[in-house]
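# Observations on chain architecture
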Amino acid sequence: MFDLTEVKYVKRITVGTDNPGRMRTPEELDAATALLNKCLTGTPKGCIIGTEKSFAVLQMGEHQVVLQWIVYHVGFPRKPIWLDD
């Protein structure tokens, strides 16, 4: 069991497109997913302590576009050396 009192560093990782002016490429989405997986399996091992699920409905001409994204809050007992901000 993960104790929140041990959390000293929190990393926010956004998976999905959260900016309609700049759509994320599939490579960027894969990189965000890979970072999340590394945070959950690397050393020090992180734990998801919260999530934000959001969406936006946009009207582009006569079409509706739905953007969806989720932000994971991953807590660590200390900041990983391999993690760059």
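This text goes with the structure placed above it.
Read on for a plain summary of the structure. (Residues numbered from 1 in each chain as written. Predicted model: local features only at pLDDT ≥ 70, side-chain atom pairs only at ≥ 80, totals over all residues. Heavy atoms only, no water.)

Let's shift gears to helix H1 (residues 26-41). A rise of 1.5 Å per residue sets the reference length of H1, with its 16 residues, at 22 Å; its end C-alpha atoms lie 22 Å apart and thus fit the reference within 8%. All buried positions along H1 are accounted for by Ala32, Leu36 and Cys39. Around the axis of H1, the buried residues are gathered within 65 degrees of arc, so they sit on the same side. In H1, the exposed positions that point more than 90 degrees away from the buried face belong to Pro26, Glu27, Asp30 and Thr41. Those residues of H1 that are buried are in contact with strand E1 (9-16) and strand E3 (63-76). (Helix = DSSP H or I, 4+ residues; strand = E, 2+ residues; numbered from the N terminus. Expected span 1.5 Å × (residues − 1). Buried < 20%, exposed > 50% of the residue type's maximum accessible area, 1.4 Å probe, protein only. Arc of directions from axis to C-beta. Contact = heavy atoms within 4.5 Å.)

A word on unusual backbone geometry. Cis rather than trans, the peptide bond between Thr43 and Pro44 has omega equal to -5 degrees. Within the secondary structure layout, Pro44 lies in the loop between H1 and strand E2 (47-60).

One open sheet accounts for three strands, arranged E1-E3-E2; its pairing is antiparallel. Looking along the sheet, the strands with just one partner apiece sit at the ends: E1 and E2. Shown here is a sheet whose adjacent strand axes are inclined to one another by a mean of 20 degrees, direction ignored. Looking at chain direction, E1 and E3 are connected through eight bridges and run antiparallel. Bridge pairing in E3 places Thr14 opposite Val71. Set on the sheet, H1 makes contact with E1, E2 and E3; between it and E1 the angle comes to about 145 degrees. (Pairing = 2+ DSSP bridges. Axes fitted to C-alpha atoms, helices over the stretch in contact; angles between N-to-C directions.)

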